[in-house]
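So you can see what is in the structure, the chains are spelled out below.
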Amino acid sequence: MKPEQQIIRFGILTDQLQLKNWQIKSIERLLEVEGNELVVIFLPQITKSYDASALPIGFRFLERQLRQLPLLQTTSIEDNFKSIPKVQLNINKKGFSNYIDDQGIDQIESHQLNVILRFGFGIIRGKVLDIPTYGIWSFHHGNPEQFRGGPPAFWEFLQEKSTNGLILQRLTNELDAGIILRQARIKRVSHSFLAHNDRLCSVSIDFPRWVADAIRNNQPGLFENKITQKGPIYKVPSNWKVLMFFLKLFKSKIAFHYQQLFQFEVWNVGVTPYNDLSQINWAPQPNKSTYQADPFMDKHGNVYFELYDYRTGKGSIAARTFKNNAWSDLNTILSTEVHYSYPFVLEIGEKQYLLPEQYQSNEVVIYELNQGQLLHKKHLLKGDWVDATIHEYDGLFWLFCSPHQHSNEELYLFYADSITDNYQPHPLNPIKVDISGSRPGGKLFTDDQGRLIRPSQNSTHTYGGSITLNHITSLSPTNYREERVGAVNPEKDSRYNKALHTFSYEGNYAIIDGKTYRFIWSAFIKELKRKFKRLV
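Residues numbered from 1 in each chain as written. Predicted model: local features only at pLDDT ≥ 70, side-chain atom pairs only at ≥ 80, totals over all residues. Heavy atoms only, no water.

**Focus on the pairing of strand β17 (residues 290-297)**
Item 1. Of all eight residues in β17, eight are buried; the element is thus mostly enclosed.
Item 2. Examined bridge by bridge, β17 and strand β18 (residues 302-309) share six bridges and lie antiparallel to one another. Within β18, the position partnered with Phe296 by the bridge is Tyr304.
Item 3. Joining the antiparallel neighbours β17 and β18 is a turn of four residues, in which Gly301 adopts a positive phi near 90°. (Buried < 20%, exposed > 50% of the residue type's maximum accessible area, 1.4 Å probe, protein only. Helix = DSSP H or I, 4+ residues; strand = E, 2+ residues; numbered from the N terminus. Pairing = 2+ DSSP bridges.)

Written as structure tokens, this is what we have:
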């Protein structure tokens, strides 16, 4: 489907006089884009009042907890959209489905809408689904292939799933078989149900805006991803299920704080033949309070990486040379009061560049690199971006990065005419929201099938657990699309076999890192002091 319209006229379908604040913000975000227009709000002739008294007491307690979140509190539609016409519709109920009568259909058609956003109204079927140009859009806070029904996130917590899916779909007449317009997969915040629900809502806010922009930019395949597999339908949990939920939540909190105090990440960098990742030559570790991560190699065999020190709580950029299967001594090349990591290295013509992460300075900076010395530097972007990765493609320079606050889940894209030019944001930012494959994890490369591959970090089970290999199928100033085609996992027999979150090729080598855990006294004391300050 290749839409031609540039103006998005949309309506709201709701059976409540109040909307949750995340829903209000979603509408407001859509209206921030020039050309989007809220035309009408549809309500049933008899609006429902929510009666929670018949629900199990355990679930009611859980709902009261959730209402502490500002995004889940409600606001009257009159407070925000007073000037928008309100139209009442007559609903005919058939079984579990709601059908709008002929008079209501005529009223909806008269507004010539491109989209209707559904907030409530139950299961909608019938002609109304095909009246707006791009259909009726509905949110589902869960992966429909695993969890249908609700409440949002509860069953994911009870079953201790690692992630939580969420989608915006175009409804069809087939129950739970809509067309997925936008989807995300976020890490379950296992120790905090409130924080997790807050994240679910905040991610949802931008979905309609993103789809509207994708329509304007003719994003390929936008209306082709239909739900085919259906998970079981879940309903309001019993008091026993809620009790089990809180017991598991308590167990997760204990495990979370135990790991923060006693299990500290220790990374190391390694080089291996490009076709045999089992033969890893790990670099020597400087001491027990530091680790080495995020390696990149240049064509001379110099490996640049983050050198993190638990005593200071910050990283610097260091380098070693790998030659004749041996590592040289460590040399620190960039160290200030700012935390540095992910020293991305690339060569353009005769020049070599280094692009370190330094989100604490709220900017992305690129350095010219000459024989291991940092020369001129240029500011490329403002913002607390992490793991900036540049690739030249089709006459443009493409900069992939993630925002620090949601670095493991969101991917943004910028582009410029030259490597040090002004970078423009891609209109479909964030181009991906997925804990299993968003954050950059190494240099892009072309595989033996001629495909452009983007390595990314998969933090589904643990931070930087493995590398996801993504095939970029569409890359232009208006479109972006990629699909998962493979993975690079840590070697089971390696000393650093708990995770692997940086992967690149250089010549005949693959350059990787690996993680293990260790108790570190200096880190323990710092973490204990931090927790004590939060208590008092």
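**Here we look at the environment of Tyr505**
Item 1. Relative to the helices and strands, Tyr505 is located in strand β35 (residues 503-506).
Item 2. We classify Tyr505 as partly exposed; its relative accessible area is 31%.
Item 3. Along the sequence, Tyr505 and Val271 sit 234 residues apart, while their C-alpha atoms lie 9.8 Å from each other.
Item 4. Not counting chain neighbours up to four residues away, the residues in contact with Tyr505 comprise Tyr274, Phe445, Ala510 and Ile511. (Contact = heavy atoms within 4.5 Å.)

**A few points about the sheet that holds strand β3 (residues 36-44)**
Item 1. Taken together, seven strands build an open sheet; the order of strands is β5-β3-β1-β8-β10-β12-β13 and the sheet is mixed. Edge positions in the sheet fall to β5 (86-89) and β13 (179-187), since each has one partner strand and no second. Taken over all neighbouring pairs, the strand axes of this sheet differ in orientation by 25° on average, direction set aside.
Item 2. Summarising the sheet, strand β1 (residues 8-14) and β3 pair through six bridges and their orientation is parallel. Along β3, the bridge assignment pairs Arg9 with Glu37.
Item 3. With respect to the sheet, helix α4 (residues 102-110) is in contact with β3, β5 and β8 (115-119), its orientation differing from that of β5 by roughly 155°. (Axes fitted to C-alpha atoms, helices over the stretch in contact; angles between N-to-C directions.)

**Notes on the nonpolar core**
Item 1. Counting 68 residues, the largest nonpolar core has Ile27, Trp137 and Phe400 as the members making the most contacts within it.
Item 2. The element best represented in this core is helix α7 (residues 207-216), accounting for six residues.
Item 3. Core analysis: the second largest hydrophobic core is formed by 33 residues, Leu334, Phe344, Leu380 and Tyr412 among them. (Core = buried A, V, L, I, M, F, W, Y, C linked by side-chain atoms within 4.5 Å.)

**Here's the deal with the sheet that holds strand β6 (residues 91-94)**
Item 1. Read across the open sheet, the three strands follow the order β6-β7-β9; overall the sheet is mixed. Edge strands, defined here as strands with exactly one partner in the open sheet, are β6 and β9 (123-124).
Item 2. Examined bridge by bridge, β6 and strand β7 (residues 97-100) share four bridges and lie antiparallel to one another. Looking at the pairing, Ile91 lines up with Ile100 of β7.

**Overview of the side chain of Asp447**
Item 1. Mapped onto the fold, Asp447 is located in the loop between β31 (445-446) and β32 (452-458).
Item 2. For Asp447, a relative accessible area of 16% puts it in the buried group.
Item 3. A polar side-chain atom of Asp447 sits 3.0 Å from the main-chain amide nitrogen of Gln449. (Polar contact = N/O pair within 3.5 Å; in protein donor to acceptor, adjacent residues only side chain to side chain.)

**A closer look at unusual backbone geometry**
Item 1. In the segment running from Gly150 into Pro151, the intervening peptide bond is cis, with an omega of 0°.
Item 2. Locating Pro151 in the fold gives a position in the loop between β11 (148-149) and α5 (154-158).
Item 3. A cis amide bond links Asn429 to the next residue, Pro430, at an omega of -10°.
Item 4. Positive phi, close to 55°, is recorded for Asp394, a residue that is not glycine.
Item 5. Mapped onto the elements of the fold, Asp394 is located in the loop between β26 (385-393) and β27 (396-403).

**Considering the packing of aromatic side chains**
Item 1. Evaluated as defined, the whole model comprises 37 aromatic pairs.
Item 2. Here the aromatic residues Phe61, Phe147, Phe154, Trp155, Phe157, Phe193, Tyr234, Phe245 and Phe246 are joined through ring pairs into a cluster of three or more.
Item 3. Seen from the ring of Tyr99, Lys94 lies directly overhead, with NZ or CZ sitting 5.0 Å from the centre.
Item 4. Sitting over the ring of Trp210, Arg182 keeps its end group 4.1 Å from the ring centre. (Phe/Tyr/Trp six-rings, centres within 6.5 Å; stacked < 30°, edge-to-face > 60°. Lys NZ or Arg CZ within 6 Å of the ring centre and 35° of its normal.)

**Examining the pattern of salt bridges**
Item 1. Summed over the entire model, instances satisfying the criterion amount to 24 salt bridges.
Item 2. Between Glu482 and Lys432 there is a salt bridge, with its nearest N and O atoms 2.7 Å apart. Of this pair, Glu482 sits in strand β34 (residues 480-488) while Lys432 is found in strand β30 (residues 432-433), placing the two residues 50 residues apart along the sequence.
Item 3. Owing to a relative accessible area of 16%, Glu482 belongs among the buried residues under this scheme.
Item 4. The buried category is assigned to Lys432, whose relative accessible area is 16%.
Item 5. Linked by salt bridges that have partners in common, Arg29, Glu32, Asp206, Arg209, Asp213 and Arg216 make up one network. (Salt bridge = Lys/Arg side-chain N within 4 Å of Asp/Glu carboxyl O.)

**Some details on the packing of helix α8 (residues 239-262) against helix α9 (residues 521-535)**
Item 1. Where α8 contacts α9, the two axes come as close as 8 Å, and the packing angle between them is 135°. Taken together, α8 and α9 sit at an angle that is classed as oblique. On α9, the residues that touch His257, Gln260, Leu261 and Phe262 of α8 are Phe524, Glu527, Leu528, Arg530 and Lys531. (Parallel < 35°, antiparallel > 145°, perpendicular 65-115°, else oblique.)

**Remarks on the side chain of Ser402**
Item 1. Here Ser402 lies in strand β27.
Item 2. Take Ser402: its relative accessible area is 0%, and that puts it in the buried class.
Item 3. Of the polar contacts made by the side chain of Ser402, one reaches the backbone oxygen of Glu410; its length is 2.7 Å.
Item 4. Apart from residues no more than four positions distant in its own chain, Ser402 is found in contact with Asp384, Trp385, Val386, Ser407, Glu410, Leu411, Arg439 and Pro440.

Don't take any of this as a statement about function, it's just geometry.
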